[in-house]
Amino acid sequence: MKHHRQESENERRDRYRTYSVSILAGFSLVVFLGALVLYSTGNAGELFSGIKGRLEARLPGNGCVGRSDKGTGDGPDTGTGGSGTGGSAIQPGDETGNEAALEPHDKLQTQLDDAELARLRVNELGRVPIIMYHNIQDYEAEWVRSRANFRKDLERFYNLGYSLVLLSDYLDGNIAVPAGRSPLVLTFDDGTRGQFRMIEGDGGLIPDPECAVGILLEFSRTHPEFGHAATFFVNSGNPFGDRSQVEAKFKFLLENGMEIGNHTRSHKNLAYASPEEVAEEIGSLVNEVRAMCGYDTVSLALPYGGYPKSTENLMSGTWNGQEYENKGILLVGAEPAPSPFSKKFNPLAIPRIRGSQEELDKWMGELERYPDTRFVSDGRSDVVTIREADEMSLSPERTGDRTVRTYALSEE
Ligand SMILES: [Zn+2]
């Protein structure tokens, strides 16, 4: 396993080095394909497009790569462009009929040229704030954010250029926010009533506009660029304070672009738990949500931030004959998280920022003062755009099959 990883990393490094010669490679490809076109007749044309597609998928820097993180990629035209423009940046008007094959969020932005990347200061190796809230009420306290301040927080995030992504998308590196904007993750621990209440509305239960879910949905209605992704870390028993509505609430979240995370069965401090207890605390909550919604939680927020002495059964394990798997373990404190493509990304310890006035002022302020340390999106989830100077910080293992694009940010 380790050996295999090593190999694939070397392989990717090699691929990476080809950036500097991608212009030449792209040019050669055009010449080669041109010759092939002249040479081929009849149904050889199909063969040609197959080869062309595969070659382009291997060539970095030309923006012609299919989404191999999703889908099978076996269609003839899963990528964009495809006109063989070589190593140069894809032209703005280079979106041909292939657009229909893309998933909606890939239409956020066509490939930007270097000048545009520099102007937006795109940096997909920058830090991502993951905010941690507990209760949302009509007053402010240590673990309570007032509704008024929660609304102000959303306004602040929006005005600072952030758009929301699901924690699971951050963990998968699927960052689909508009070009020039930055991803931010909202998390809510403990499944408190103030996070999600439902009231009678037209044709059934609807979120109370005065709970976190209601506030978030209302805000995103007037700020569609911001979105309303959020992850709710729940325990077993009585999440959101009303046993009769648990299933309806879980399903509402999942059907409306939000998600459920694992906060253990009984909110146990895992610092004192045996591996067996860790499996029970994680696995029973996974099994419960799975039985109710057919959905598997993929992240764990540690109650009290208590870290088990052994990581056995933490990322994956079995409980009651059913397997579970976590893609990320979230801590309680206390700084912005690394880019999901950074070598610093550690799925076993993902930091969060507490949603209190003091901590938000501190960290959102720091990201504002040092904007070059912040993740700024290229607008595409299938391309990872980084600055030349940061190449060594990139984790080839984390970028997977996405296209990596580097550009020079000339300092004035
Ligand atoms: Zn908790």
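Residues numbered from 1 in each chain as written. Predicted model: local features only at pLDDT ≥ 70, side-chain atom pairs only at ≥ 80, totals over all residues. Heavy atoms only, no water.

S.K.: So what exactly am I meant to see when it comes to the environment of R405 here?
M.R.: Summarising the element assignment, R405 is placed in strand β16 (residues 403-407). On the basis of relative accessible area, R405 is assigned to the buried category, the value being 6%. A distance of 2.8 Å separates polar atoms of two side chains, one belonging to R405 and the other to D114. (Helix = DSSP H or I, 4+ residues; strand = E, 2+ residues; numbered from the N terminus. Buried < 20%, exposed > 50% of the residue type's maximum accessible area, 1.4 Å probe, protein only. Polar contact = N/O pair within 3.5 Å; in protein donor to acceptor, adjacent residues only side chain to side chain.)

S.K.: Explain the side chain of N135 to me, please; I cannot follow it from the model alone.
M.R.: Locating N135 in the fold gives a position in strand β2 (residues 135-137). Judged by its relative accessible area of 15%, N135 is buried. Once residues within four sequence positions are removed from consideration, N135 is found in contact with W143, V144, R145, T192, G194 and Q195. (Contact = heavy atoms within 4.5 Å.)

S.K.: Would you take a moment to explain the coordination of the zinc ion for this structure?
M.R.: Coordination angles at a metal have ideal targets, namely 109.5 degrees for four tetrahedral donors and 90 or 180 degrees for six octahedral donors. Bound to the zinc ion are the protein donor atoms D190 (OD), H263 (NE2) and H267 (NE2), situated 2.0 to 2.1 Å from the metal. Donor residues for the zinc ion, ordered by position in the chain, follow D-x72-H-x3-H. Taken together, the residues D190 in the loop between β5 (182-189) and β6 (198-201) and H263 in the loop between β9 (259-262) and α9 (275-293) connect sequence positions 73 residues apart. (Donors = N, O, S within 2.8 Å, 3.2 Å for Na, K, Ca; no water.)

S.K.: What is the right way to look at the nonpolar core in this model?
M.R.: One recurring pattern in soluble globular proteins: nonpolar side chains tend to sit buried together. In this structure, I131, Y133, L154, F157, L186 and F188 are the most contacted members of the largest nonpolar core, which totals 41 residues. Among the elements that take part in this core, helix α7 (residues 212-222) stands out by supplying five residues, more than any other. Sequence-distant contacts of L154, defined by excluding residues within four places in its chain, comprise L186, I215, L216, F219 and F226. Core analysis: the second largest hydrophobic core is formed by 22 residues, V177, A301, L330 and F341 among them. (Core = buried A, V, L, I, M, F, W, Y, C linked by side-chain atoms within 4.5 Å.)

S.K.: Before we go on, may I ask you to explain the pattern of salt bridges in this structure?
M.R.: Throughout the structure, instances matching the rule amount to 21 salt bridges. Where R221 meets E218, a salt bridge forms, and the shortest distance between an N and an O atom there is 3.2 Å. With R221 and E218 both in helix α7 and three residues apart, this pair spans about one turn of that helix. Residue R221 is classed as exposed on the basis of its relative accessible area of 59%. Its salt-bridge partner being R387, residue D372 comes within 3.3 Å of it at the nearest N-O pair. (Salt bridge = Lys/Arg side-chain N within 4 Å of Asp/Glu carboxyl O.)

S.K.: Just checking my understanding: could you explain the packing of aromatic side chains for this structure?
M.R.: Pairs of aromatic rings are described using the distance from one ring centre to the other and the angle between the two planes. One pass over the structure, following the stated rule, counts 12 aromatic pairs. Relative to F188, the ring of Y133 lies with its centre 5.5 Å away and its plane at 25°, an arrangement referred to as stacked. Taken together, the residues Y133 in strand β1 (residues 130-133) and F188 in strand β5 connect sequence positions 55 residues apart. Note on F196 and F252: the rings are 5.7 Å apart at their centroids and 55° apart in plane angle, and the pair reads as tilted. Placement of F196 in the loop between β5 and β6 and of F252 in helix α8 (residues 246-255) is noted, with a sequence separation of 56 residues between them. Here the two residues F196 and F252 agree in accessibility, since each one is buried. Every member of this aromatic cluster is reached through a ring pair, and the members are Y133, F150, F188, F196, F232, F240, F250 and F252. (Phe/Tyr/Trp six-rings, centres within 6.5 Å; stacked < 30°, edge-to-face > 60°.)

S.K.: Which parts of the structure should I look at to understand the packing of α8 against α9?
M.R.: Two quantities define a packed helix pair, namely the angle between the axes and the distance from one axis to the other. For the pair α8 and α9, interaxial distance at closest approach is 10 Å and the crossing angle is 80°. As summarised for this structure, α8 and α9 are arranged roughly perpendicular, according to the angle between their axes. Of the residues in α9, those in contact with V246, E247, F250, K251 and L254 of α8 are V289, M292 and C293. Of the residues contributing to the contact of α8 with α9, the split by class is six nonpolar, no polar and two charged. (Axes fitted to C-alpha atoms, helices over the stretch in contact; angles between N-to-C directions. Parallel < 35°, antiparallel > 145°, perpendicular 65-115°, else oblique. Nonpolar A, V, L, I, M, F, W, Y, C, P; charged D, E, K, R; others polar.)

S.K.: Looking at this structure, how should I read helix α10 (residues 357-369)?
M.R.: Because each turn of an α-helix spans 3.6 residues, side chains separated by three or four positions in sequence point in the same direction. The end-to-end C-alpha distance of α10, which contains 13 residues, comes to 17 Å, matching closely the 18 Å that a straight helix rising 1.5 Å per residue would cover. Within α10, burial applies to E359, L360, W363, M364, G365 and L367. (Expected span 1.5 Å × (residues − 1).)

S.K.: Before we go on, may I ask you to explain the packing of helix α5 (residues 147-159) against α7 in this structure?
M.R.: Here α5 crosses α7 at 35°, and the two axes come no closer than 11 Å. Judged by the twist between their axes, the crossing of α5 over α7 is right-handed. Only A212, I215, L216 and F219 of α7 make contact with α5, whose side of the interface consists of R147, F150, R151, L154, E155 and Y158. Each residue belonging to the contact of α5 with α7 can be placed in one class, and the counts come to seven nonpolar, no polar and three charged. (Left-handed = near helix turned anticlockwise from the far one by under 90°.)

S.K.: Would you take a moment to explain the side chain of H134 for this structure?
M.R.: Counting through the fold element by element, H134 comes out in the loop between β1 and β2. Relative accessible area serves as the criterion here: at 14%, H134 is assigned to the buried category. Not counting chain neighbours up to four residues away, the residues in contact with H134 comprise W143, D189, D190, T192 and Q195.

S.K.: Would you mind showing me how to read the pairing of strand β13 (residues 328-334) here?
M.R.: Consecutive side chains along a regular strand alternate between the two faces of the sheet. Here strand β10 (residues 299-301) pairs with β13 via three bridges, running parallel. Bridge assignment links L300 to a residue of β13, and that residue is I329. Inspection of the sheet shows β13 paired to strand β14 (residues 350-354) by two bridges, in the parallel sense. Note that in β14 the partner of L330 across the bridge is I350. (Pairing = 2+ DSSP bridges.)

S.K.: What exactly am I supposed to notice about the pairing of β1 here?
M.R.: Here β1 shows a buried face lined by I130 and M132 and a second buried face lined by I131 and Y133. Both β1 and β5 contribute to a ladder of four bridges, which runs parallel. Its bridge partner being in β5, I131 is matched across the sheet by L186. Looking at chain direction, β1 and β14 are connected through two bridges and run parallel. Within β14, the position partnered with M132 by the bridge is R354.

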